[in-house]
Amino acid sequence: EAGVAQSPRYKIIEKRQSVAFWCNPISGHATLYWYQQILGQGPKLLIQFQNNGVVDDSQLPKDRFSAERLKGVDSTLKIQPAKLEDSAVYLCASSPGPGTEAFFGQGTRLTVV
Amino acid sequence: DQQVKQNSPSLSVQEGRISILNCDYTNSMFDYFLWYKKYPAEGPTFLISISSIKDKNEDGRFTVFLNKSAKHLSLHIVPSQPGDSAVYFCAAKAGGFKTIFGAGTRLFVKA
């Protein structure tokens, strides 16, 4: 079974630039998550989708971050404009449903300079 | 707000001995607890979980203990192997709400 796929693996941008990350979840998984993991901290949920609807985006900085999950499958997370404090690993995860454990992708390491 | 706390940033254990990783939580509404393991440059992988209606769950070398009165859980690895060296995250959730992760404990298993 293929795992959660994310791209790119690494990205370096200057502050105030924009960046987008892509995620392809495990086939059939209805729930998709985007997490932000800052160095030395645990993953923090940014947004959770159930199919193509948003379940929780309470910790998403909506003035600069946006995410979508078209057709309830792939998802993109965008940051515009980026700030230095956005430097982190962005993890995508999926699960069959909201009450089950999540399967994580390898993450995208973003460095904002 | 740190609802899930892993107070030990790192732990070093000799191969073959027991590793005990600890986790404390503050939200009494949490009813499901998970442990994830993370190797460098990889995403976290699910290891073991426990429901709040239980106080112990065992899977091979891994056992999770839950003490609800103390709001404390622990992960025991017996015997520890060098391949267990990784960062371990404790996580908790309440019903269908989001999963809250601790900051992680880095385990070193020395051969």
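Up top is the structure.
Since this is a predicted model, take the numbers as computed values, not measurements.

## Topic: the overall build of chain B
So, step 1. Each helix and strand counted, chain B has zero helices and 11 strands in total.
So, step 2. Shown N-terminal to C-terminal, the secondary structure of chain B runs as helices and strands in the order β-β-β-β-β-β-β-β-β-β-β.
So, step 3. Relative to the globule expectation of 13 Å for 111 residues, the C-alpha radius of gyration of chain B, 13 Å, shows essentially globular dimensions.
So, step 4. Projecting the C-alpha coordinates of chain B onto the three principal axes gives extents of approximately 40 × 30 × 20 Å.
So, step 5. Taking all 111 residues of chain B together, the buried fraction comes to 46%.
So, step 6. When contacts within chain B are restricted to residue pairs at least 6 apart in sequence, those whose partners lie at least 24 apart make up 52%.
So, step 7. Taken as a whole, chain B presents about 5,400 Å² of accessible surface, with 51% of it coming from carbon and sulfur.
So, step 8. Within chain B, the 9 negative side-chain charges are centred at a point lying 3 Å from the centre of the 13 positive side-chain charges.

## Section: the environment of B:Val78
Residue and element names in this part refer to chain B.
So, step 1. As for its position among the elements, valine 78 is in the loop between strand S8 (72-77) and strand S9 (86-93).
So, step 2. Taking the C-alpha atoms as reference points, valine 78 and serine 19, 59 residues apart in sequence, are found 6.7 Å from one another.
So, step 3. Beyond its immediate chain neighbours, meaning those up to four positions away, valine 78 contacts Ile18 and Arg61.

## Here's the deal with the layout of surface pockets
The probe, sized like a water molecule, is rolled over the atoms to show the empty space still left.
So, step 1. Approximately 550 Å³ is the volume found for the largest pocket.
So, step 2. A:Gln37, A:Ile38, A:Leu39, A:Gly40 and B:Arg106 are, among the 23 residues lining the largest pocket, the residues nearest its centre.
So, step 3. For the lining of the largest pocket, the elements supplying multiple residues, two or more each, are strand S9 (88-95) and strand S11 (108-112) of chain A together with S9 and strand S11 (105-110) of chain B.
So, step 4. The element that contributes the greatest number of residues to the lining of the largest pocket is S11(A), accounting for three residues.

## Section: the pairing of S9(A)
Residue and element names in this part refer to chain A.
So, step 1. In terms of burial, S9 is a largely internal element, eight of the eight residues being buried.
So, step 2. Relative to S9, strand S4 (residues 31-37) runs antiparallel, the two being bridged by seven bridges. Residue glutamine 36 lies in a different strand from S9, and its bridge partner there is tyrosine 90.
So, step 3. Pairing geometry for S9 and S11, over three bridges, is antiparallel. Directly across from alanine 88, in S11, lies its bridge partner leucine 110.

## Quick look at the packing of aromatic side chains
Any two aromatic rings considered together are summarised by their centre-to-centre distance and by the angle between their planes.
Residue and element names in this part refer to chain A.
So, step 1. The full count for this structure, using the stated rule, is 13 aromatic pairs over all chains.
So, step 2. Where phenylalanine 21 meets tyrosine 90, the ring centres are 5.1 Å apart and the plane angle is 25°; that geometry is what we call stacked. A residue pair is termed long-range when its members are at least 10 positions apart, and phenylalanine 21 in strand S3 (residues 19-24) and tyrosine 90 in strand S9 qualify at 69 residues.
So, step 3. Looking at phenylalanine 21, the relative accessible area reads 1%, which means it is buried.
So, step 4. Looking at tyrosine 90, the relative accessible area reads 0%, which means it is buried.
So, step 5. Here tyrosine 35 and phenylalanine 104 contribute two aromatic rings whose centre-to-centre distance is 5.4 Å and whose plane-to-plane angle is 45°, an arrangement assigned as tilted. One end of the pair, tyrosine 35, is in strand S4; the other, phenylalanine 104, is in strand S10 (residues 103-104), and 69 residues separate them in sequence.

Thresholds applied
Residues numbered from 1 in each chain as written. Chains lettered and ligands numbered in written order. Predicted model: local features only at pLDDT ≥ 70, side-chain atom pairs only at ≥ 80, totals over all residues. Heavy atoms only, no water. Helix = DSSP H or I, 4+ residues; strand = E, 2+ residues; numbered from the N terminus. Rg over C-alpha atoms; globule rule 2.2 N^0.38 Å. Buried < 20%, exposed > 50% of the residue type's maximum accessible area, 1.4 Å probe, protein only. Contact = heavy atoms within 4.5 Å. Areas by Shrake-Rupley, 256 points an atom, 1.4 Å probe, with all protein chains shown as cover. Lys, Arg positive; Asp, Glu negative; His and termini not counted. Charge placed at Lys NZ, Arg CZ, Asp CG, Glu CD. 1 Å grid on protein atoms, 1.4 Å probe; cavity = no way out; pocket = protein on both sides within 12 Å on 5 of 7 lines; lining within 4 Å. Points joined across faces, edges and corners; volume = space filled by probe spheres on them. Pairing = 2+ DSSP bridges. Phe/Tyr/Trp six-rings, centres within 6.5 Å; stacked < 30°, edge-to-face > 60°.

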